[in-house]
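Chain and residue survey
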Amino acid sequence: MHRRGLKIVITESHSGGCRQVATDLAEAGHTVLRCHEKPGAEPEEPCVAWAAGRGCPLLAPDIDVVVDVRANAGPRTEREQGAMCALVAGVPLVVCGPVDAHDGMLARADVLCREADVESACRTAFSPVGPTAHRVVTRAVSLALGGVTAPADVHVDLTVRESMVLADVTVGASPTATAFRRVRGAVRLALAPFTPTWPYTPVTLYHRMPTADRG
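Presented here is a report on the structure given in the accompanying data block. (Residues numbered from 1 in each chain as written. Predicted model: local features only at pLDDT ≥ 70, side-chain atom pairs only at ≥ 80, totals over all residues. Heavy atoms only, no water.)

**Concerning the environment of Gly17**
Locating Gly17 in the fold gives a position in the loop between strand S1 (7–12) and helix H1 (19–27). When its relative accessible area of 37% is taken as the criterion, Gly17 is described as partly exposed. Each C-alpha atom of the pair Gly17 and Glu115 lies 11 Å from the other, and the pair is 98 residues apart in sequence. Not counting the four nearest positions on each side in its chain, Gly17 is found in contact with Glu12 and Val69. (Helix = DSSP H or I, 4+ residues; strand = E, 2+ residues; numbered from the N terminus. Buried < 20%, exposed > 50% of the residue type's maximum accessible area, 1.4 Å probe, protein only. Contact = heavy atoms within 4.5 Å.)

**Overview of the sheet that holds strand S5 (residues 111–113)**
One open sheet holds the 5 strands; their spatial order is S2-S1-S3-S4-S5, and the pairing between them is parallel. Since the sheet does not close on itself, it has two edges, and those belong to strand S2 (31–34) and S5, each with one partner. Ignoring strand direction, the axes of neighbouring strands in this sheet form an average angle of 25°. Inspection of the sheet shows S1 paired to S2 by 4 bridges, in the parallel sense. The partner of Ile8 across the bridge, within S2, is Val32. Sheet strands in contact with helix H3 (residues 118–125) are S1, strand S3 (65–69), strand S4 (93–96) and S5, and its direction is about 175° off that of S5. (Pairing = 2+ DSSP bridges. Axes fitted to C-alpha atoms, helices over the stretch in contact; angles between N-to-C directions.)

**Some details on H3**
For H3, every residue scored as buried is listed here: Val118, Ala121, Cys122, Arg123 and Ala125. Lining the buried residues of H3 we find S1, H1, S3, S4 and S5.

**Concerning the pairing of S1**
Summarising burial for S1: 5 of the 6 residues are buried, a large majority. Read as a crossover between parallel neighbours, the route from S1 over H1 to S2 is right-handed. Relative to S3, S1 runs parallel, the two sharing 5 bridges. Residue pairing in the sheet places Glu12 in a bridge with Val69 of S3. (Right-handed = clockwise from strand over helix to strand, strands pointing away.)

**Notes on the nonpolar core**
Membership of the largest hydrophobic core comes to 42 residues, with the highest contact counts inside it found for Val67, Val94, Cys122, Val141, Val169 and Val187. For this core, the element with the most residues is helix H5 (residues 177–191), which contributes 7 residues. Once you skip the residues sitting within four places of it in the chain, Val169 turns out to touch Val141, His155, Val156, Val183, Val187, Val203, Thr204, Leu205 and Tyr206. (Core = buried A, V, L, I, M, F, W, Y, C linked by side-chain atoms within 4.5 Å.)

**Comments concerning the packing of helix H4 (residues 131–144) against H5**
Between H4 and H5, whose axes approach to 9 Å, the crossing angle comes to 150°. Compared by their axis directions, H4 and H5 come out roughly antiparallel. Between H4 and H5 lies a crossing whose hand is right-handed. Here Val136, Val137, Ala140, Val141 and Ala144 of H4 lie close against H5, whose contacting residues are Arg182, Val183, Ala186, Val187, Ala190 and Leu191. Class assignment of the residues belonging to the contact of H4 with H5 gives a composition of 10 nonpolar, no polar and 1 charged. (Parallel < 35°, antiparallel > 145°, perpendicular 65-115°, else oblique. Left-handed = near helix turned anticlockwise from the far one by under 90°. Nonpolar A, V, L, I, M, F, W, Y, C, P; charged D, E, K, R; others polar.)

**Quick notes on unusual backbone geometry**
Residues other than glycine seldom take positive phi values, yet Glu162 does so here, at roughly 50°. If you check the backbone angles, Ser163 has positive phi at about 70° while not being a glycine. As for its position among the elements, Ser163 is in the loop between strand S6 (155–161) and strand S7 (164–171). Classification of Ser163 by relative accessible area gives exposed; the value is 52%.

What follows is the structure, encoded as structure tokens:
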């Protein structure tokens, strides 16, 4: 669905470790921004957000994916703060390399991959039906229905048919016509970063038992 070049922020577990991956992604037509100004500098080099005249690249509104390149399955390092920032910001996260089985944070990445597969992993992570899109849409629906149904009662199913994203939303409380309009608008806006056809996304809203409305 999205075949344009992605805007990717890249970080690393060890100094200089993301060099080759950054080069490969740039050659594949993607825009690559770094969490650290000087690849290969000292491990204690602060992230670029602290550099004079710079700022955190994740503050840009159009970042598509964050890639964390890991040298080994050891514990997270200070240079991987960008991966944590991605999770907090709700930006799709790809971890390229081995992950410590006990590291629950990195295990929450949208995609874990090998270096050879990083470009396709970024495409998967940014998919309009991928894990991040599901989280973003589910949160948007929960906010739209605040006080109407419990967040735990919201279930979102996103699929693609003929290049169009379809959204099926199931909620615990019986939705009104007004609630349906709020949900439809929330779902479409939440999908805006992931698909150019977001204004036309068909949204179907279900109660736990019967079908409530369609649009």
